[in-house]
Amino acid sequence: MKHQRASSTKNYAGPLSVPTSIPIHALHVRSPIRNIILKSTSFQSTHAVSQTVVSPYVASSYVSQEARQAVFRRAQEQVPEVDAALVSGQLPSWLRGSLLLNGCGDYRGMQHMFDGYACLTRIHLDGTTGRVTAGQRFLDSDAYRSFLNTGRMKYREFQTPVPADGPMGRAMVLLDTTLAWMSTGRAFTDNASVSLTPLPGNRLLALSEARTAAYIVDPTTLDTVRQVEYDDGLPGDLTTAHPKRAPDGSIINFTHSFPLGGVHVFRQDPISLARKQIAFIRDRNPVSPCWVHDMAITTSHLVVVEPPLFINMNSLVLGESTPFVFMDWNPEAGTRVHVIALDGSRVVTHTAPPLFTLHLVNAFERPCSSGTGTEICVDFSVYDDPEIINDLSLDRLKAFPGKDISPSRLRRLSIPLLYAAGRPVGPTSLAAPAPLLKDENAYGNFIEFPAINPRFCGKAYRYAYGTAAVRPTNLNNAFARHDLELGTSTLWHEPGALPAEPIFVPRPGGTSEDDGVLVATVTLADGQSAVVVLDGATLQERARVVLPFTVPYRFHGTFLADGRT
Ligand SMILES: [Fe+2]
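Note that residues are indexed from 1 along each chain, following the sequence as it is written. The model is predicted, so local features are restricted to residues of pLDDT at least 70 and side-chain atom pairs to those at 80 or more, both for listing and for counting; the totals for chains, interfaces and linings are taken over all residues.

- Looking at an unreviewed UniProt entry, the protein chain carries the name Carotenoid oxygenase, with the source organism given as Volvox reticuliferus.
- Database annotation for the protein chain, UniProt heading Sequence similarities (unreviewed entry): "Belongs to the carotenoid oxygenase family." UniProt positions are given in the numbering used here, feature names are shortened, and annotations may be inferred rather than shown by experiment.

**Remarks on the overall build of the protein chain**
- The numbering of helices and of strands both runs from the N terminus, where a helix is a DSSP run of H or I of at least 4 residues and a strand a run of E of at least 2. Summing up its helical and strand segments, the protein chain has eight helices and 36 strands in all.
- A total of 565 residues make up the protein chain; the buried ones form 48% of that total. Field definition: a residue is buried when 20 or more other C-beta atoms are found within 10 Å of its C-beta, exposed when 12 or fewer are, and partly exposed for counts in between, with C-beta atoms placed from the backbone.

**Considering the sheet that holds strand S26 (residues 434–435)**
- At least two DSSP bridges between two strands are required for those strands to pair. The sheet built from four strands is open, its strands ordered S23-S24-S25-S26 with antiparallel pairing. In this open sheet, the two strands that pair with only one neighbour each are strand S23 (360–367) and S26.
- Here strand S25 (residues 409–418) pairs with S26 via two bridges, running antiparallel. Looking at the pairing, Arg412 lines up with Ala434 of S26.

**A word on the UniProt feature "binding site: Fe cation" (unreviewed entry) in the protein chain**
- Taking the UniProt record as the reference, the feature "binding site: Fe cation" (unreviewed entry) is found at His242, His293, His359 and His556. Over a stretch of 315 residues, the named residues converge on one spot in the fold, their C-alpha atoms separated by at most 12.7 Å.
- Turning to its location among the elements, His293 is positioned in the loop between strand S16 (275–282) and strand S17 (296–297).
- What makes His293 partly exposed here is the crowd of 18 C-beta atoms within 10 Å.
- Sequence-distant contacts of His293, defined by excluding residues within four places in its chain, comprise Thr240, His242 and Leu358. Any pair of residues counts as being in contact when their C-beta atoms, constructed from backbone geometry, are within 7 Å of one another.

**Side note on the nonpolar core**
- The nonpolar core criterion groups buried Ala, Val, Leu, Ile, Met, Phe, Trp, Tyr and Cys residues into a set whenever they are joined through C-beta atoms within 7 Å. Residues Ala206, Val303, Val378, Phe479 and Val519 are the most contacted members of the largest nonpolar core, which totals 149 residues.
- Top element by residues in this core is strand S6 (residues 117–126). It accounts for six residues.
- Excluding its chain neighbours within four sequence positions, the residues that come into contact with Phe479 are Thr467, Ala468, Leu491, Trp492, Pro499, Pro502, Leu518, Ala520, Leu534 and Leu539.

**Examining helix H3 (residues 65–72)**
- Most of H3 sits out of view: seven of its eight residues are buried.
- Regarding H3, the residues found buried are Gln65, Glu66, Ala67, Arg68, Ala70, Val71 and Phe72.
- Buried residues in H3 make contact with helix H8 (394–398), strand S31 (498–499) and strand S33 (516–523).

**Notes on the confidence of the model for the protein chain**
- Per-residue confidence from the predictor is given as pLDDT, running between 0 and 100. Averaged over all residues, the pLDDT of the protein chain equals 88, while 85% of them reach at least 70.
- A low-confidence stretch, residues 1–26 stays under pLDDT 50, and its non-local contacts, those more than four residues away or across chains, total 51 contacts.

**Examining the sheet that holds strand S11 (residues 224–227)**
- What the four strands build is an open sheet, ordered S8-S9-S10-S11; its pairing is antiparallel. The sheet terminates laterally at strand S8 (195–199) and S11, the two strands that pair on one side only. The sheet shows a mean angle of 30 degrees between the axes of neighbouring strands, direction not considered.
- The pairing of S8 with strand S9 (residues 203–207) spans five bridges and is classified as antiparallel. Considered in S9, the bridge of Pro198 is made with Leu204. Whenever a helix is involved, its axis is fitted only over the stretch in contact; in every case the axis is a line through C-alpha atoms, and angles between N-to-C directions fall within 0 to 180 degrees.

**Let's talk about the pairing of S23**
- Judged from the seven bridges that link them, S23 and strand S24 (residues 374–382) form a sheet pairing that is antiparallel. Opposite Leu360, over in S24, you have Phe380 as the bridge partner.
- With antiparallel pairing between neighbouring strands as the criterion, S23 and S24 make up a hairpin whose turn holds six residues, including Gly371 at a positive phi of roughly 95 degrees.

**Thoughts on the environment of Ile340**
- Tracing the backbone shows Ile340 in strand S21 (residues 335–341).
- A count of 25 C-beta atoms within 10 Å places Ile340 in the buried class.
- Through-space distance from the C-alpha of Ile340 to that of Ala279 is 7.3 Å; in sequence the pair is 61 residues apart.

**Observations regarding the environment of Leu139**
- With respect to the helices and strands, Leu139 occurs in the loop between strand S7 (131–138) and helix H4 (142–150).
- Sequence separation between Leu139 and Asp223 is 84 residues, and the spatial gap between their C-alpha atoms is 7.7 Å.
- In contact with Leu139, other than residues within four places in its own chain, are Ala118, Cys119, Leu120, Tyr144, Ala192, Ala206, Tyr215 and Thr224.

**Comments concerning unusual backbone geometry**
- Following Phe400, the chain continues to Pro401 via a peptide bond in cis, the omega torsion being 0 degrees.
- A cis amide bond links Arg471 with the next residue in sequence, Pro472, at an omega value of 5 degrees.
- A positive phi angle, close to 65 degrees, is found at Leu222, a residue other than glycine.
- Assessed through the 23 C-beta atoms surrounding it within 10 Å, Leu222 is described here as buried.
- In this model, Phe449 sits at a positive phi of 45 degrees, which is unusual for a non-glycine residue.

**Things to note about the environment of Gly105**
- Tracing the chain through its elements places Gly105 in strand S5 (residues 96–106).
- Residue classification places Gly105 among the buried residues on the basis of 29 C-beta atoms within 10 Å.
- Considered as a pair, Gly105 and Arg137 are 32 residues apart in the sequence and their alpha carbons are 9.1 Å apart.
- Among all residues touching Gly105, those that are not within four sequence positions of it are Arg74, Ala75, Gly116, Tyr117, Ala118, Cys119, Phe138 and Pro552.

**Quick notes on the pairing of strand S4 (residues 78–89)**
- Pairing between S4 and S7: four bridges, direction antiparallel. The residue bridging Asp83 from the neighbouring strand is Thr133, located in S7.
- Bridge analysis of S4 against strand S35 (residues 541–546) gives four bridges, and the strand direction is antiparallel. Bridge pairing in S35 places Ala85 opposite Val546.

This is the structure:
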């Protein structure tokens, strides 16, 4: 299948459907594949691209089968690093550093995109010489080591339970899990496959959502240095893989204790990793906590949006079936929105209409539009319900063409913070998040993997980036740049390709917010892995590097500029 494009002579002459609501000047469609010919005059006049396509899988907006197979294939380690080929454009001369990415790399026996074992990718870009090197290694976790040694899962992953034969087998799994929880606290996987956070001292913190899924990684060699273990007495077995950086440099995150527990918000020293609780929020259901994946931070507050998606303990421990992996959706319970002062002095819990979210874009404080008082604006990817979780099952992702991916919209939640006299606002009933863009069809009603210029985190900002959709598609298949002041969107889309999380790298000395580039991996229509560098102001592609090995599906990462320690 991988080489079908090169050997077939099938000629496809149908049009590529493009949502007509996307301004033509704002949609960059390009094809690096020699056998595809873009007839741009036709495109500009009819909103369609006539193509000569050898692979049938790039005949529409769908991500190609080759790309889908590549990202879920078992990843190859690449040690030592190898050179990668700059195939078009030029790297900006000021761009010197490493793109460091986390995600799953071995899905054998797994059911869901979130289940595979952690694999780390490093791509070093030197804009001065134009040289690019890349490497890849699996994280040395107990979960993966056990799997390699025994051929069996040791821990449940997100959707895939530990295999058990019949009622007796399930009883043994329950007993093992309970005993492990009571004796060592290690009932959950240590497969830290979700994110990478830079730490002082040339270290990365690899995280997933279990307390034990926390590892220090060397950003140069991708060595697994050590597991992070805590003896501070802070309870909680679950956490988020999206820690936030407070203005003073400390890390803000939370653990979630259950049953009969809640959310323990903590401040963490980035050097010693010592944690101290600054706030506690009790669960609304004492035996069924809500699942929260991400948060947002302003200069003085943390915002936790808690959708009514409740963890079902029977499902989590025993693997019993529920509508959303191990969770139940109860929209009648509504959404809770917690605003926590970073100094720990105050927690206010608001209510909002039911919604679901995975990732938040940014948050900031500003004078209320009414002219009196202060409010917090929280911008995030808003889903009507959690069906996106089921969309990301491997069965759905591999099906061709597959179910259209659930819509998510870039919306803003406005939260009153202070009255005009400075008195804090108490709990309120918030209005539903409002659209931020004039035409939500313009980005395919989809935003994920949001990114901003990191210098504007927690502050008023204008530009949001992320992945988007050119529909129909069952995966995000475009990059987007959203101008929140004009309310417009610009897309980058390449037929058949699968983009991953973009990371904004500001130009040193840059004066405008969008002065920089987006750096991201893309799986090309033929299954090859590439890195693209896109202009932050136009989304025009400035450089493309093709890697000599396959990069699996990536979740979150970071860009470490050379010389930063
Ligand atoms: Fe995430």
